[in-house]
Amino acid sequence: MKIFAYGIRDDEKPSLKDWEAANPEIEVDYTQELLTPETAKLAAGADSAVVYQQLDYTRETLEALAAVGVTNLSLRNVGTDNIDFDAARELKFNISNVPVYSPNAIAEHSMIQLSRLLRRTKPMDEKVARHDLRWAPTIGREMRMQTVGIIGTGHIGRVAINILKGFGAKVIAYDKYPNAELQAEGLYVDSLDELFAQADAISLYVPGVPENQHLINADSIAKMKDGVVLVNVARGNLMDLDAVIDGLNSGKIADFAMDVYENEVGLFNNDWEGKEFPDPKIADLIARDNVLVTPHIAFYTTKAVQEMVHQSFDAAVAFAKGETPAIAVKY
Ligand code: NAD
Ligand code: COI
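All residue numbers here refer to positions counted from 1 along the written sequence of the relevant chain. For this description, chains carry letters from A and ligands carry numbers from 1, given in the order in which they are written. For this predicted model, a pLDDT threshold of at least 70 governs which residues receive local features, and a threshold of 80 or more governs which side-chain atom pairs are given and counted, while totals over whole chains, interfaces and linings are taken from all residues. Side-chain numbers here rest on the full set of heavy atoms in the structure, without hydrogens or water.

### Regarding the domain arrangement of the protein
- Where each domain starts and ends comes from a domain assignment, either automatic or drawn from a database. Taken domain by domain, the protein holds domain 1 (2-101 + 302-321) and domain 2 (103-293).
- Each of domain 1 and domain 2 was reduced to a C-alpha centroid, and the two centroids are 31 Å apart.
- Here the buried area means the combined drop in accessible surface, using a 1.4 Å probe, for two parts upon being joined, counting both sides. Here domain 1 meets domain 2 over a buried area of about 680 Å², counting both sides, of which 61% is carbon and sulfur.
- Ranking the residues of domain 1 by area buried against domain 2 places Q54, D81 and V100 at the top, with a combined share of 58%.
- By convention in these notes, a salt bridge is any Lys or Arg side-chain nitrogen within 4 Å of a carboxyl oxygen on Asp or Glu. If you look at where domain 1 meets domain 2, you find 1 salt bridge.
- Its salt-bridge partner being D81, residue R235 comes within 3.3 Å of it at the nearest N-O pair.
- Two N or O atoms count as a polar contact when they lie within 3.5 Å, although within protein this holds only if one can serve as hydrogen donor and the other as acceptor, and sequence-adjacent residues are included solely when both atoms are side-chain atoms. Scanning the region where domain 1 abuts domain 2 turns up 2 residue pairs in polar contact (both at pLDDT 80 or more).
- When residues are grouped by polarity, Ala, Val, Leu, Ile, Met, Phe, Trp, Tyr, Cys and Pro land in nonpolar, Asp, Glu, Lys and Arg in charged, and all others, Gly among them, in polar. Taken together, the residues of the side of domain 1 that touches domain 2 break down into 4 nonpolar, 2 polar and 1 charged.

In structure tokens, the structure reads:
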């Protein structure tokens, strides 16, 4: 049996080595290149392909992979929003993702960013770097004084709630499908509008499916408290970034942290040092004291990377054996 993997990064190689050592009977080959219509042929002869990428899995890409006989595709990440499922269905693809590799990685990052915004670490660090060691005016706010609104109480949102409880914050939450345990705790509000009206800070943990496109927009921002703090580590398309920038300009939004951006493909995980960003919005946001931009690194921990590699390769083997792994995507 042979597995071919695309887009293998150096930081994934130790986890891949561990997996190969535990599965010596499986032949593994890989490339650093991403899966595209042009690179699909590299998987010829393999039983399954393993991929991680932010590029779309277009009809053309899936057709090129199917043309070399590979219709088992195991993603090393959660998000499946970049797959052309109509094409995948027609071509009879088996697809898996890694829905739970380490919710803590993403939840922790979001709450670290929220704490940083509240304690104004960005302007304080900049002052210290200039050798200005005065306190004022960089006064912070305490987490326990905040009502934090969590939108989406799935795997990651629930870990974020536990972290917030540790800080002593008041948590309110909204989910289309409430979790029984959290419901029993009385954490849920009945509508997004209620959450917008009550929350001092709002953090998002819902998927970037089409119905959630621009969930945060000019109308929803208008319903939020003045001076609200926003955190988005979920998906870029959940926010109308122009509306967020307007909110920052007017002061309606006091602080903002983003790990994901609607137009992040080609921008994030690239080195722009000494070069101009192709997107002036990012340059503007990065320059602001009250905005934290990270390039889709919430997931990026050693534990998460190990789980992403191990679980995706296990699923690729299961597909190749004609089995349905527990993490197969039902579509
Ligand atoms: P999950 O599927 O476990 O939970 C999502 C929850 O959102 C579900 O409970 C669902 O009922 C709820 N939901 C969906 N649409 C909603 C809406 N309009 N209003 C209210 N609730 C809604 O997902 P998860 O694993 O917790 O992932 C959360 C987000 O984090 C996703 O957007 C995912 O793509 C993103 N993510 C980001 C990174 C990163 O590195 N930045 C890494 C992994 C996942
Ligand atoms: C995901 O797993 O969906 C992420 O957002 C992380 C990244 C590797 C795409």
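### What to know about the site of ligand 1
- When at least one non-hydrogen atom of a residue lies within 4 Å of a molecule or strand, that residue is treated as near it. As a structural note, the neighbourhood of ligand 1 is formed by 22 residues, with H155, D175, V206, N212 and V233 the closest of them.
- A distance of 3.3 Å separates a nitrogen atom of ligand 1 from a polar atom in the backbone of K176.
- One of the side-chain nitrogen or oxygen atoms of N212 is found 2.8 Å away from a nitrogen atom of ligand 1.
- The Shrake-Rupley method, run with a 1.4 Å probe, gives the accessible areas here. Residue values count only the displayed protein chains as cover. Calculation on ligand 1 without its partners gives an accessible area of 870 Å², and the protein chains cover 87% of this total.
- Among the residues forming the shell around ligand 1, the class breakdown is 13 nonpolar, 5 polar and 4 charged.

### Considering the UniProt feature "domain: D-isomer specific 2-hydroxyacid dehydrogenase NAD-binding" (unreviewed entry) in the protein
- UniProt positions are given in the numbering used here, feature names are shortened, and annotations may be inferred rather than shown by experiment. Per the UniProt record, the feature "domain: D-isomer specific 2-hydroxyacid dehydrogenase NAD-binding" (unreviewed entry) sits at residues 114-298.
- As annotated, residues 114-298 has a helix share of 34% and a strand share of 15%, and its two end C-alpha atoms lie 13 Å apart. Labels follow the DSSP assignment, with helices taken as runs of H or I lasting at least four residues and strands as runs of E lasting at least two, numbered in each case from the N terminus.

### A few points about unusual backbone geometry
- Note the cis peptide between A136 and P137, where omega equals 0 degrees.
- Counting through the fold element by element, P137 comes out in the loop between α5 (121-129) and β6 (147-151).
- If you check the backbone angles, K92 has positive phi at about 60 degrees while not being a glycine.
- Looking at where K92 falls in the secondary structure, it is placed in the loop between α3 (85-90) and β5 (94-96).
- Phi is positive for H296, close to 55 degrees, though the residue is something other than glycine.
- Burial classification: accessible surface area is computed with a 1.4 Å probe over protein chains only, and a residue below 20% of its type maximum counts as buried, one above 50% as exposed, and the rest as partly exposed. Assessed through its relative accessible area of 18%, H296 is described here as buried.

### Overview of the pairing of strand β8 (residues 201-204)
- Residue alternation in β8 divides its side chains into two sets, A201 and S203 and I202 and L204, and both sets are buried.
- For two strands to pair, DSSP has to find at least two bridges joining them. Where β6 lies against β8, 4 bridges are found, and the strand directions are parallel. Among the inter-strand pairings, I151 is bridged to a residue of β8, identified as L204.

### Some points on the UniProt feature "domain: D-isomer specific 2-hydroxyacid dehydrogenase catalytic" (unreviewed entry) in the protein
- Taken from the UniProt record, the annotation "domain: D-isomer specific 2-hydroxyacid dehydrogenase catalytic" (unreviewed entry) applies to residues 8-329.
- For residues 8-329, the helix share is 37%, the strand share is 13%, and the end-to-end C-alpha distance is 22 Å.

### Re the site of ligand 2
- Lining the immediate surroundings of ligand 2 are Y52, N77, V78, G79, Y101, R235, H296, F299 and M308.
- Interatomic distance of 2.6 Å between a side-chain N/O atom of R235 and an oxygen atom of ligand 2.
- Here ligand 2 has 280 Å² of accessible area as a free molecule, and 93% of this is covered by the chains.
- Partitioning the shell around ligand 2 into residue classes produces 5 nonpolar, 3 polar and 1 charged.

### Here we look at the pattern of salt bridges
- On inspection of all chains with the given rule, the structure shows 18 salt bridges.
- Taking the shortest distance from any N to any O, the salt bridge between E90 and R59 comes out at 3.0 Å. Here the residue E90 occupies a position in helix α3, and R59 occupies one in helix α2 (residues 59-67), the gap between them amounting to 31 residues.
- Across the pair D284 and R288 runs a salt bridge, and its minimum N-O distance is 3.0 Å.
- Each of R9, D11, E12 and R76 takes part in a single network of salt bridges with overlapping partners.

### Describing the side chain of K122
- Mapped onto the secondary structure, K122 falls in helix α5.
- Under this rule, positive means Lys or Arg and negative means Asp or Glu; His and the chain ends count for nothing. The buried charged residue K122 lacks any salt bridge, with E126 as its nearest oppositely charged partner at 5.0 Å.
- Working rule for contacts: check all heavy atoms of both residues, and any pair within 4.5 Å makes them a contact. When residues no more than four places from it in sequence are discounted, the contact partners of K122 are L285, I286, R288, D289, V291 and L292.

### Quick notes on helix α1 (residues 13-22)
- The complete set of buried residues in α1 reads S15, L16 and W19. Projection of α1 onto a plane perpendicular to its axis shows the buried side chains occupying an angular sector of 100 degrees, all on one side. Exposed positions of α1 whose direction lies more than 90 degrees from the buried face are P14, K17 and A21.
- Its buried side turned inward, α1 meets β2 (27-30) and α12 (302-320). Note that the arc is computed from the directions linking the helix axis to the C-beta atoms.

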